[in-house]
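Given next are the chains, with one letter for each unit.
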Amino acid sequence: MTKKLQTPDKFKFITEKSIKREKYELTAWTSAQLRAKLTRGIFWVQIEKGGSISWCWTLLNSYLLHGLDSPITQALVEEYMSTLPQAA
């Protein structure tokens, strides 16, 4: 049985504008580089082609601080994935 999050807001997705405004200097080049490295649908989403990008700040921050292969980042990814609805 998978453990569900006690605080679903832990994995809140925020727009690139919000990241630039409040959290991190995110240029278009940096965003493209990050999207090439990080899994779409887990670390970031783009609802429609050409639309704005939203990032899971918790996962992105962990990647930036610890790296993708870090046990901390991997544990967060697994925790996030356990919150997703399961396919029937």
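Residues numbered from 1 in each chain as written. Predicted model: local features only at pLDDT ≥ 70, side-chain atom pairs only at ≥ 80, totals over all residues. Heavy atoms only, no water.

Draft legend 1. Fine view of the overall build of the protein chain. Of the regular secondary structure elements, the protein chain holds 4 helices and 3 strands. Counted from the first residue to the last, the protein chain has its helices and strands arranged as β-α-α-β-β-α-α. The burial tally for the protein chain puts 34% of its 88 residues in the buried class. If you take every contact in the protein chain between residues at least 6 apart in sequence, the share linking residues at least 24 apart comes to 56%. Accessible area of the protein chain: about 6200 Å², with a carbon and sulfur share of 55%. (Helix = DSSP H or I, 4+ residues; strand = E, 2+ residues; numbered from the N terminus. Buried < 20%, exposed > 50% of the residue type's maximum accessible area, 1.4 Å probe, protein only. Contact = heavy atoms within 4.5 Å. Areas by Shrake-Rupley, 256 points an atom, 1.4 Å probe, with all protein chains shown as cover.)

Draft legend 2. Geometry of the packing of aromatic side chains. Applying the stated criterion to the full structure yields 3 aromatic pairs. Ring geometry for Trp44 versus Trp55: centroids 6.3 Å apart, planes at 40°, classification tilted. Of this pair, Trp44 sits in strand E2 (residues 44-46) while Trp55 is found in strand E3 (residues 53-56), placing the two residues 11 residues apart along the sequence. For the pair formed by Trp44 and Trp55, the shared burial category is buried. (Phe/Tyr/Trp six-rings, centres within 6.5 Å; stacked < 30°, edge-to-face > 60°.)

Draft legend 3. Broad picture of the confidence of the model for the protein chain. A residue-level look at the protein chain finds 88% of positions with pLDDT of 70 or above and a mean pLDDT of 85. Confidence, read as mean pLDDT per element, is least for helix H1 (residues 16-23) in the protein chain (82) and greatest for helix H4 (residues 71-82) (95). Note on residues 1-7: pLDDT is under 50 here. Beyond four places in sequence and across chains, it has 9 contacts. (pLDDT = per-residue confidence, 0-100.)

Draft legend 4. Examining the nonpolar core more closely. Judged by nonpolar contacts, the single largest core of 19 residues is most densely connected at Ile19, Leu34, Leu38, Phe43, Trp55, Leu59 and Leu60. The element that contributes the greatest number of residues to this core is helix H3 (residues 57-66), accounting for 4 residues. Filtering out sequence-adjacent residues up to four positions away, Leu38 remains in contact with Phe43, Trp44, Trp55, Leu60, Tyr63 and Leu68. (Core = buried A, V, L, I, M, F, W, Y, C linked by side-chain atoms within 4.5 Å.)

Draft legend 5. Just the sheet that holds E3, in detail. Read across the sheet, 3 strands follow the order E1-E3-E2 without closing on themselves; strand pairing throughout is antiparallel. Strands with a single pairing partner mark the edges of an open sheet, and in this sheet they are strand E1 (13-15) and E2. Adjacent strand axes in the sheet meet at a mean angle of 30° when their direction is disregarded. Sheet analysis places E2 next to E3, joined by 3 bridges and oriented antiparallel. Paired with Trp44 across the bridge in E3 is Trp55. Sheet strands in contact with H3 are E1 and E3, and its direction is about 70° off that of E3. (Pairing = 2+ DSSP bridges. Axes fitted to C-alpha atoms, helices over the stretch in contact; angles between N-to-C directions.)

Draft legend 6. Looking closely at the pattern of salt bridges. Tallied over the full model, the rule gives 2 salt bridges. For Lys10, the salt bridge identified is with Glu79, shortest N-O distance 3.1 Å. Highlighted residues: Lys10 in the segment before E1 and Glu79 in helix H4, separated in sequence by 69 residues. Judged by its relative accessible area of 30%, Lys10 falls in the partly exposed class. (Salt bridge = Lys/Arg side-chain N within 4 Å of Asp/Glu carboxyl O.)

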